[in-house]
Structures are given as structure tokens and as C-alpha cells.
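Structural overview for review
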Amino acid sequence: MKLRYRCLILDHDDTVVKSTPDIHYPSFVEALKVLRPDMKPLSLEEFVTYCFYPGFSELCKNILKFNEDEQLYQYKIWRSYTNTKIPDFYPGMKQLIIEYKKSGGIISVVSHSESEKISRDYMYNCRLTPDLIFGWELGEDKRKPNSFPIIETMKKFNLDRDDILVVDDLKPGLDMARSCEIAFAAAGWSHIIKEIKNYMEANSDYYFTTVDAFMRFLFSEG
């Protein structure tokens, strides 16, 4: 199959795997019960909105004002969930990734999840691992929306801007792509909030409501 793009820079959570409703949100709620017991619990929609803007790190540090010990506690609870739960791939995503790799495509994952968990999820679902992974453990100065993952991917595989498509469901991925003038596709199949959907649809180069629609686009010659 002929590919439109030689390289996909893929987000993980809520782009490839359905993880926020089952892992990230409930682990955060559990941590808040201890760290902010008097606070009204965040709804799923509120949590996703904060992750969209200003971002998860900013939610913890600037809005909830977690100190260092509180951030470590939240991280511990989150890891207890990610260690015991393997999220499901969205329907059609397994086939897309396997076919894309068979066709010679390069997959670089840029995520706020940990690299070892991303590798685990790919091996469990697809029996392969991404060519590169840029995970949470890199540190804030190298995580998206920082351009570091895109620049390193381009260097590693000698890629031009036109060779790459960034795929993400939220604004940090869009901002990262824009910082390097890379084409961006929104993973609209995960959107549950109208305001986020509208923003991503208006500001992305491509917007897909289903994985199948994205796959047809990816494997067409244009």
C-alpha cells in the first residue's frame, strides 16, 4: 500500500488507546480524595478539559498547586493503575498500525504516558513496538508541546517536514506540530466535549471522527 506520510507521530492516550475514562481519570480522582479531600470531585469532562488546556502538568502545579510530595503521591496512584490495567486499542487501530508498519511506515509515539507502558500496550495488542517513544519520563522540558520529539524523530530517520503527520486528540500535540510546521490530524474519535471538538476541527489540517476514516486517508495517494 502507498502511504501519504512516511512517518506517523502518534499520541497514545485517547488517540491509540482508550485510557482516560478507565485509567487516568479514576486514578486522579482517587488521588484527589487524599490530597484535596474538601474539594468537589472533578467530573470526567472537567478533567479532560483541563488536560486539553492548559495541560495536565499545569493542572497539577498551577491550578491545584500540588507540592512536590503531593505530585509524587499522585504519580504513585497513577502508576498503580497503569501497572495493573492494559487499555484497549480503539477499534480498527490495531489493523491500521500493523498495515502501516508492513507498508514501511515509521511510528514515533509522543505521549504523557510512560515509555515502558506504551511498549507493553503495543506488544499486547499488535505484537510490535514503535520505532521511537518519547514518554513522560523525559521530563517537562522535552515533553510535548515542546518540539524535541519531532526534531529527534526527523534526525533519527532523516525525515523532511512533508514526510510526517502528527496525530493527537488534544491541544498539546497540535501545538507541538505547529511549532515545527508539521501537518496535524485530530483524533476526533475520542472527543466527548463539544468545545474541544470544535477547536480541534477548526485548527487542524485534518479531522477524523473514526479510525476507519483515518485509515482510508492514510493509505490513499491523495
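What counts, and where the lines are drawn
- Residues numbered from 1 in each chain as written.
- Predicted model: local features only at pLDDT ≥ 70, side-chain atom pairs only at ≥ 80, totals over all residues.
- Heavy atoms only, no water.
- Core = buried A, V, L, I, M, F, W, Y, C linked by side-chain atoms within 4.5 Å.
- Buried < 20%, exposed > 50% of the residue type's maximum accessible area, 1.4 Å probe, protein only.
- Helix = DSSP H or I, 4+ residues; strand = E, 2+ residues; numbered from the N terminus.
- Contact = heavy atoms within 4.5 Å.
- Axes fitted to C-alpha atoms, helices over the stretch in contact; angles between N-to-C directions.
- Parallel < 35°, antiparallel > 145°, perpendicular 65-115°, else oblique.
- Salt bridge = Lys/Arg side-chain N within 4 Å of Asp/Glu carboxyl O.
- Polar contact = N/O pair within 3.5 Å; in protein donor to acceptor, adjacent residues only side chain to side chain.
- Expected span 1.5 Å × (residues − 1).
- Arc of directions from axis to C-beta.

**Some points on the nonpolar core**
Proteins that are soluble and globular tend to have nonpolar side chains buried together. Judged by nonpolar contacts, the single largest core of 43 residues is most densely connected at Ile9, Phe28, Phe56, Ile150, Val166 and Met200. Here this core takes 7 residues from helix 1 (residues 20-35), the largest share from any one element. Ignoring sequence-local partners within four residues, the contact set of Ile9 consists of Ser108, Val110, Ile150, Thr153, Ile164, Leu165, Val166, Val167 and Met176. Within the second largest apolar cluster, 32 residues are counted, among which are Ile107, Leu165, Ala187 and Ala213.

**Some remarks on the packing of helix 2 (residues 44-52) against helix 3 (residues 56-63)**
Taken N-terminus to C-terminus, the directions of helix 2 and helix 3 make an angle of 100 degrees; their axes are 6 Å apart at the nearest point. Taken together, the axes of helix 2 and helix 3 are roughly perpendicular relative to one another. Touching Phe47, Tyr50 and Cys51 of helix 2 are Phe56, Leu59 and Ile63, all from helix 3.

**Section: the pattern of salt bridges**
Note on pairing: side chains with opposite charge can pair once their charged atoms come close. The final tally for this structure, using the stated rule, is 15 salt bridges. The partner of Glu114 in a salt bridge is Lys117, with the nearest N and O atoms 3.6 Å apart. Accessibility assignment for this pair places Glu114 and Lys117 in one class, buried. Taking the shortest distance from any N to any O, the salt bridge between Lys144 and Asp168 comes out at 2.6 Å. Placement of the pair is Lys144 in the loop between strand 5 (132-134) and helix 7 (148-157) and Asp168 in strand 6 (residues 164-168), with a sequence separation of 24 residues.

**Looking at the side chain of Ser111**
Here Ser111 shows up in the loop between strand 4 (106-110) and helix 6 (115-126). In this structure, Ser111 is in contact with Asp11, His12, Asp13, Ile118, Phe134, Gly135, Trp136 and Lys144, ignoring residues within four places of it in sequence.

**Comments concerning the side chain of Ser113**
Secondary-structure assignment places Ser113 in the loop between strand 4 and helix 6. For Ser113, the side chain forms a polar contact with the side chain of Asp13, separated by 2.5 Å. When near neighbours in sequence (up to four residues on either side) are disregarded, Ser113 contacts Asp13, His24, Trp78, Ile118, Gly135, Trp136 and Glu137.

**Some points on helix 6**
Across its 12 residues, helix 6 extends 16 Å between first and last C-alpha, which sits within 8% of the 16 Å expected from 1.5 Å per residue. Restricting attention to buried positions, one finds in helix 6 the residues Ser115, Lys117, Ile118, Asp121, Tyr122, Asn125 and Cys126. In an axial view of helix 6, the angular spread of the buried residues amounts to 165 degrees, which keeps them on one side of the axis. Exposed residues pointing more than 90 degrees away from the buried face of helix 6 are listed as Glu116 and Tyr124. Those residues of helix 6 that are buried are in contact with strand 1 (7-10), helix 4 (68-84), strand 3 (88-89), helix 5 (93-102), strand 4 and strand 5. Directly after helix 6, the chain includes Arg127, whose backbone phi takes a positive value near 60 degrees.

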